[in-house]
There are 2 protein chains.
Amino acid sequence: MRVPPGVSAGDFAAAIAAFERIVGKDWVFTSDDDLNLYRDAYSPYLNEPEERIASAAVAPTTTEEVQEIVRVANRYKIPIYPISTGRNLGYGGAAPAYSGSVVVDLKRMNRILEVNERHAYALVEPGVSYFDLYNYIQEHKLKVWIDCPDPGWGSPVGNSIDRGGGYTNANFRNHFDSHCGMEVVLPDGELLRTGMGAIPNSQTWQAYKTGCGPWVDGIFSQSNYGVVTKMGFWLMPQPEAYMRCTVRAPRFSDLGPLVDTLSYLENSRITTGFPDLSSPLLSYPPIGQIQLWNENGPPKLSDEHIKLLADVKQGYSAELEAYGVKEGIPYWELWLSFYGPMEVIEASWRATQRHYGKIDGVQFRVVDKLNLPIDPSTAEKYHEPELGVPSLRIFSIGARTPWNPTPSHGHMWFSPIIPRTAEAIIEANRVFSEAARDLGMPLFKTFTLPACFWERSFVFILATPVTEDPATNKRYREGFKKLIEVGGKHGWGEYRTAPAFQKTVMDQYSYNNHALQRFHETLKDAIDPNGIMSPGRYAIWPKSLRGVQS
Amino acid sequence: MRVPPGVSAGDFAAAIAAFERIVGKDWVFTSDDDLNLYRDAYSPYLNEPEERIASAAVAPTTTEEVQEIVRVANRYKIPIYPISTGRNLGYGGAAPAYSGSVVVDLKRMNRILEVNERHAYALVEPGVSYFDLYNYIQEHKLKVWIDCPDPGWGSPVGNSIDRGGGYTNANFRNHFDSHCGMEVVLPDGELLRTGMGAIPNSQTWQAYKTGCGPWVDGIFSQSNYGVVTKMGFWLMPQPEAYMRCTVRAPRFSDLGPLVDTLSYLENSRITTGFPDLSSPLLSYPPIGQIQLWNENGPPKLSDEHIKLLADVKQGYSAELEAYGVKEGIPYWELWLSFYGPMEVIEASWRATQRHYGKIDGVQFRVVDKLNLPIDPSTAEKYHEPELGVPSLRIFSIGARTPWNPTPSHGHMWFSPIIPRTAEAIIEANRVFSEAARDLGMPLFKTFTLPACFWERSFVFILATPVTEDPATNKRYREGFKKLIEVGGKHGWGEYRTAPAFQKTVMDQYSYNNHALQRFHETLKDAIDPNGIMSPGRYAIWPKSLRGVQS
């Protein structure tokens with residue numbers, strides 16, 4: 001049996017016995033076979049000594065059991081690492097940030113406590129997956145939509161507290177922002193309800209976010225200050241219709257007005273669906289279509305097009321641009337989604353075209369126009385999450401196909417936030433591609449377009465592969481850290497990262513001699529004096545391990 | 001010279017001398033004349049011994065001076081109470097929560113650091129008022145709108161950290177929600193930047209809210225954990241057009257579908273402006289029109305109407321309803337505002353009418369339809385904040401007029417959050433009106449309609465007058481506290497309150513033996529061990545005063 005670092009075998013055995021008394025023997029796992037399931041399949045340290053491995057796992061089924069587990073952890077100073085469904089692949093998966101921690105697996109806390117159609121919200125436990133919530137809504141014929149990430153087997157609670165994003169309207173795509181009300185087991189075992197939930201018999205726990213007094217919800221995201229055991233989410237009423245359109249612009253320099261007008265339209269709420277930048281000329285598919293692209297093979301390009309692509313520098317080549325103009329292949333294609341009554345969608349699209357009319361040679365196209373609801377099987381023809389339907393098809397990205405004979409083991413997501421401008425896209429491509437080339441990283445090769453999960457900013461979402469070769473993985477890990485530092489120097493920070501990179505990422509948030517990090521530590525010491533809760537998550541270590549671990 | 005409680009005269013003199021060295025003698029105030037300006041003109045303890053009074057005030061002009069002031073406060077254990085513009089009348093004004101505190105008046109920190117039209121955001125210091133920001137935007141001819149409360153002399157920073165609301169689109173009306181990035185002087189004098197601001201040279205401080213790691217912004221709202229010295233806000237691009245419409249429904253029972261359809265339309269983002277419930281039949285004007293109503297005198301009602309009103313119980317009377325149907329006076333009138341391209345506004349209004357078509361006898365009316373921008377002087381014909389224009393006209397409410405010979409001194413805002421349903425409006429009216437009657441409180445007299453500042457919930461905004469008579473004020477204060485408790489028992493909590501009522505309000509947030517309050521105190525002790533920062537604000541006291549003060 002593995003033992004957490006700094007814990008005696010006797011204490012650990014006593015803790016395991018206590019966990020067994022709380023949840024039953026069947027739900028405490030200590031064998032290697034069982035614990036393998038909590039390894040991060042995408043670990044950048046896969047099969048190396050530094051791979052983060054759990055010493056045990058315990059799977060409670062109630063909040064009270066979570067409280068008891070936390071109290072036992074305090075008694076024996078056992079590091080614990082709660083996970084919801086543990087599906088945040090590329091960002092750490094189910095493996096603990098501190099090797100040897102006991103994973104508290106909340107998968108059995110999978111109750112859908114309420115889905116309220118009238119007020120369009122859900123209250124769920126952390127073990128509920130997007131599929132579970134979607135299926136419940138379908139079974140009960142409720143006219144509300146979920147907003148889910150790619151893929152959909154994750155947990156709304158887990159994804160939200162990791163601050164993930166989705167694909168429907170702007171206010172739902174931001175999964176932390178769309179939550180309303182939490183229940184949290186604090187590191188001392190106390191039970192906290194936030195917002196209006198702090199009022200017993202509250203009538204507005206899922207209706208008004210901030211309650212009264214300091215609003216504490218934010219500090220339970222991307223942190224190690226508590227175990228979230230319930231969480232409310234605002235849902236979108238099932239829209240009447242959906243329309244997906246594209247705006248095509250012929251020239252490289254059109255990227256500026258394309259992006260600036262998008263900002264205006266989004267900030268004005270004229271377009272609110274997931275906007276998706278692509279480049280048919282650079283053969284860069286829209287994010288939402290990557291999986292469909294993969295299933296259908298790579299795009300068919302002419303020999304001339306392929307030859308011209310080889311000469312592209314930082315996304316631009318006058319010859320390629322001329323070729324695109326001649327062949328009618330746009331440099332840029334912006335995909336826009338609209339939800340709502342058909343008459344409003346159509347008016348919004350007309351206004352959108354009017355605003356984009358200033359781009360010389362711009363072309364508009366309505367790709368999909370659907371009255372809703374559609375049959376769930378029809379959703380498969382589309383990028384399902386944009387229709388509020390969870391899917392696992394995204395896994396086709398790294399899969400073995402005729403044109404990809406060497407599937408990756410996994411990937412580490414490199415995901416810096418940059419300003420929402422063409423200049424920033426171009427500058428970040430220049431900076432990162434030069435750095436990636438120097439580091440031998442398979443990233444930013446030709447030209448990379450960012451994603452628009454969140455309002456007001458762009459985020460790159462780039463998968464660095466995890467391979468079977470430890471030497472390659474080591475080179476990629478080190479390169480990945482350098483890229484994070486390069487981003488930091490330019491004022492671009494990651495929004496989320498796997499435990500292996502959390503110290504490097506948080507080191508970039510260094511204003512005033514790391515004041516934010518020190519503040520996080522002040523909170524940590526106060527809230528979790530024994531340091532039992534997810535030590536090291538987001539580089540927040542308890543006092544005893546601070547400076548020792550990283 | 002007044003001296004803060006628990007501080008020796010010698011220490012206080014030394015602290016004052018230190019403050020004078022930091023900001024100059026001209027900006028440290030200790031005379032009664034000067035300190036009177038920091039009294040809460042609306043204090044429910046006006047002229048009574050319990051009225052909260054500052055012992056001094058100090059007005060820094062830079063963040064560095066704020067840091068130095070905080071360090072001096074720690075050295076001499078001086079309670080300080082930072083204010084932005086101190087205009088939150090009805091919620092406490094400029095007076096400290098703990099009598100004898102030194103007010104840190106940030107009015108001189110009134111720099112507008114940036115207004116970015118392209119990305120529609122502003123970065124401002126706490127002394128900037130809505131008028132300042134509006135005027136700056138006008139002078140620089142920037143095509144962005146502010147969202148301001150009634151009245152507009154307050155501070156965007158102060159109003160946001162008090163979690164106030166405004167009158168334009170839903171996502172801007174929530175003033176805390178629309179902020180992006182803070183700079184905070186912590187109680188130990190350290191300087192913190194939140195979100196992306198923690199990256200030196202950050203390119204996205206006002207573009208991406210949450211940064212990486214725990215998102216701490218929320219704990220600096222309605223709290224005493226720091227002094228916010230800079231704050232970013234997302235602005236609305238100047239809309240192309242504005243339309244204000246009404247939906248009129250004839251019968252009392254129509255309130256249900258009126259509200260439920262509003263929820264659907266708002267949650268679907270079909271209508272996004274400030275919705276305003278009124279009752280022409282009960283002679284209850286829409287909130288946004290109250291000030292215009294006041295300027296034009298009371299509504300002209302027929303003798304028969306006035307007589308019928310006298311018999312209304314809990315908002316309903318069959319005779320009144322019949323009278324309304326006969327005379328064409330609707331029971332309910334919902335005012336809806338739309339911003340955007342005229343074609344989108346008109347389509348949204350058509351969809352709105354379609355959804356409201358199910359109410360028998362419903363009537364629709366377009367009240368205002370404006371192409372924007374309009375001349376600022378034209379805005380005066382409207383409720384200015386709905387057009388993004390700050391105003392002070394709201395003060396006409398309590399002013400002396402021919403029909404109001406006894407103006408009030410001020411008022412305490414009673415503002416509980418209730419569910420967004422007709423049932424809740426009716427139930428809350430019943431519960432609060434019975435309680436108010438028993439307590440002799442001039443509230444909920446006939447029937448009160450809530451406001452829609454925030455999505456998904458309603459809030460009552462009711463002014464309990466502050467009079468010249470201490471006995472009356474005492475009765476009102478005690479009644480006010482009882483009303484808070486009555487609300488709490490029914491699961492309805494206040495969203496904000498004046499220091500005089502903060503303990504009573506926070507006592508309602510009592511889930512699990514006041515776990516939230518105890519958590520606030522844990523944070524307080526960690527962040528502000530000397531307890532110098534705004535002791536007592538939102539009932540959070542430092543250890544030394546806990547249980548002593550309330």
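As the structure is a computational prediction, the values presented were derived from the model and not from experiment. By convention here, each chain's residues receive numbers from 1 onward along its written sequence. Labels follow written order: the first chain is A, the first ligand is 1, and so on. Only residues with pLDDT of at least 70 are given local features in this predicted model, and only at 80 or more are side-chain atom pairs given and counted; all residues enter the totals for whole chains, interfaces and linings. As a rule here, side-chain values cover all heavy atoms of the structure and leave hydrogens and water aside.

> Lay out the packing of aromatic side chains with the relevant residues and their values.
Ring pairs are drawn from Phe, Tyr and Trp, using the six-membered ring of Trp, whenever the two centres fall within 6.5 Å, and their geometry is named by plane angle: stacked under 30 degrees, edge-to-face over 60, tilted for the rest. In this structure the tally under the stated criterion is 57 aromatic pairs over all chains. Between Phe252 of chain A and Phe447 of chain A, the aromatic rings sit 6.3 Å apart at their centres with planes inclined by 65°, giving edge-to-face as the arrangement. With Phe252 of chain A in the loop between β12 (241–249) and α7 (255–267) and Phe447 of chain A in the loop between α12 (422–439) and β18 (457–459), this residue pair connects regions lying 195 residues apart in the sequence. The pair formed by Phe252 of chain A and Phe447 of chain A is uniform in burial state, with each residue classed as buried. Pairwise contacts between aromatic rings join Tyr91, Tyr167, Phe274, Phe453, Trp454 and Tyr495 of chain A together with Tyr208 of chain B into one cluster. Residue placement shows Lys209 of chain A over the ring face of Trp234 of chain A; its charged tip is 5.0 Å from the ring centre. Think of it this way: any DSSP run of H or I at least four residues long counts as a helix, any run of E at least two long counts as a strand, and we number them from the N terminus. Burial classes: relative accessible area under 20% of the type maximum marks a residue as buried, over 50% as exposed, and values in between as partly exposed (1.4 Å probe, protein chains only). Counting as a charge over the ring demands two things of the Lys NZ or Arg CZ atom: a distance within 6 Å of the ring centre and an angle within 35 degrees of the ring normal.

> I'd love a proper account of the domain arrangement of chain A, names of residues and values included.
Residues and elements named next belong to chain A. When the domains of chain A are assigned, the result is domain 1 (9–107), domain 2 (112–237), domain 3 (241–384) and domain 4 (410–497). Each domain's extent was defined by an automatic or database domain assignment. Each of domain 1 and domain 2 has a C-alpha centre, and these two points are 23 Å apart. Each partner contributes to the roughly 1,300 Å² buried at the junction of domain 1 and domain 2, and carbon and sulfur atoms together form 61% of this total. Accessible-area loss on putting two parts together, using a 1.4 Å probe and summing over both, is the definition of buried area adopted here. On the domain 1 side of the interface with domain 2, the three residues burying the most area are Thr63, Ser84 and Arg87, jointly 33% of the side's total. Only one rule defines a salt bridge in this text: a Lys or Arg side-chain nitrogen within 4 Å of an Asp or Glu carboxyl oxygen. Put simply, domain 1 and domain 2 have 0 salt bridges between them. The dominant element in the side of domain 1 that touches domain 2, judged by the number of residues it contributes, is helix α3 (residues 63–76), at 6 residues. Three classes are used: nonpolar for Ala, Val, Leu, Ile, Met, Phe, Trp, Tyr, Cys and Pro, charged for Asp, Glu, Lys and Arg, and polar for all others, with Gly counted as polar. Here the side of domain 1 that touches domain 2 is built from residues that sort into 5 nonpolar, 6 polar and 3 charged.

> How would you sum up the pattern of salt bridges? Please name residues and give values.
Two side chains carrying opposite charge are able to pair once their charged atoms lie near each other. Across all of its chains, the model carries 75 salt bridges over all chains by this definition. The partner of Asp528 of chain A in a salt bridge is Lys524 of chain A, and the shortest N-O contact between them spans 2.7 Å. Here the two residues Asp528 of chain A and Lys524 of chain A agree in accessibility, since each one is buried. Residue Glu51 of chain B is joined to Arg39 of chain B by a salt bridge in which the shortest nitrogen-to-oxygen separation is 2.8 Å. Here Glu51 of chain B is found in the loop between α2 (32–36) and β2 (56–58), whereas its partner Arg39 of chain B is found in the loop between α2 and β2, with 12 residues between them in sequence. Look at Glu51 of chain B and you get buried, because its relative accessible area is 3%. The network of salt bridges with shared partners includes Glu240 and Glu343 of chain A together with Arg350 and Arg354 of chain B.

> Provide a residue-level description of the relation of the copies chain A and chain B, including the pertinent values.
Copy-to-copy superposition: least squares on the C-alpha atoms, limited to residues that have pLDDT of at least 70 in both copies. Mapping chain A onto chain B calls for a rotation angle of 180° and an axial translation of 0.0 Å; the resulting RMSD is 0.0 Å. As the rotation angle and translation indicate, the two copies are arranged about a two-fold axis. What makes two residues a contact is simply this: any of their non-hydrogen atoms within 4.5 Å. Of the residues that chain A buries at the interface, 100% are likewise interface residues in chain B, meaning the two copies contact each other through the same surface.

> An account of the packing of helix α14 (residues 470–489) of chain B against helix α15 (residues 499–508) of chain B is needed here, citing residue identities and associated values.
Residue and element names in this part refer to chain B. Here, axes are lines fitted to C-alpha atoms. For helices the fit covers the stretch in contact, and angles between N-to-C directions go from 0 to 180 degrees. Relative orientation of the contacting elements α14 and α15 amounts to 15°, with a least axis distance of 9 Å. The orientation of α14 with respect to α15, classified from their angle, is roughly parallel. As α14 packs across α15, the resulting crossing turns out to be right-handed. Only Ala500, Phe501, Thr504, Val505 and Gln508 of α15 make contact with α14, whose side of the interface consists of Arg477, Phe480, Lys481, Ile484, Glu485, Gly488 and Lys489. Along the lines of polarity and charge, the residues of the contact of α14 with α15 split into 5 nonpolar, 3 polar and 4 charged. Any angle that is under 35 degrees is reported as roughly parallel, and any over 145 degrees as roughly antiparallel; angles of 65 to 115 degrees are reported as roughly perpendicular and all others as oblique. Take the far helix as your reference; a near helix turned counterclockwise from it by less than a right angle gives a left-handed crossing, and one turned clockwise gives a right-handed crossing.

> Could you give an account of the sheet that holds strand β10 (residues 227–234) of chain A, with specific residues and numbers?
All names here are of chain A. A pair of strands is considered paired only if DSSP assigns at least 2 bridges between the two. Pairing within the open sheet is antiparallel, and its 5 strands lie in the order β5-β6-β10-β8-β9. Lying at the two open borders of the sheet, with one neighbouring strand each, are β5 (112–116) and β9 (191–193). Direction aside, neighbouring strands of the sheet carry axes that sit 10° apart on average. Summarising the sheet, strand β8 (residues 179–185) and β10 pair through 5 bridges and their orientation is antiparallel. Counted as the bridge partner of Val184 is Val228 from β10.

> Tell me about the interface of chain A and chain B, and name the residues and values.
Tallying the contact residues gives 100 residues for chain A and 100 residues for chain B. Taken over both partners, the interface formed by chain A and chain B buries close to 8,200 Å², and the fraction arising from carbon and sulfur atoms is 60%. Three residues, Cys212, Arg456 and Tyr511 of chain A, lead the burial of chain A against chain B; their summed loss comes to 10% of the area buried on that side. Linking chain A to chain B there are 12 salt bridges. We note a salt bridge from Arg354 of chain B to Glu343 of chain A, for which the minimum N-O separation is 2.5 Å. Between N or O atoms, a polar contact is any pair within 3.5 Å; within protein, one atom must be a potential hydrogen donor and the other a potential acceptor, and residues adjacent in sequence are included only when both atoms are from side chains. For the pair chain A and chain B, the interface holds 46 residue pairs in polar contact (both at pLDDT 80 or more).

> Summarise the packing of α12 of chain A against helix α13 (residues 470–489) of chain A; cite the residues concerned and give the values.
Residue and element names in this part refer to chain A. Running from N to C, α12 and α13 point in directions that differ by 155°, and their axes come no closer than 10 Å. On the basis of the axis angle, α12 is roughly antiparallel to α13. For the crossing formed where α12 meets α13, the hand is right-handed. Across the interface between the two elements, Val431, Phe432, Ala435, Ala436 and Leu439 of α12 pack against Arg475, Gly479, Lys482, Leu483, Val486 and Gly487 of α13. Among the residues forming the contact of α12 with α13, the class breakdown is 7 nonpolar, 2 polar and 2 charged.

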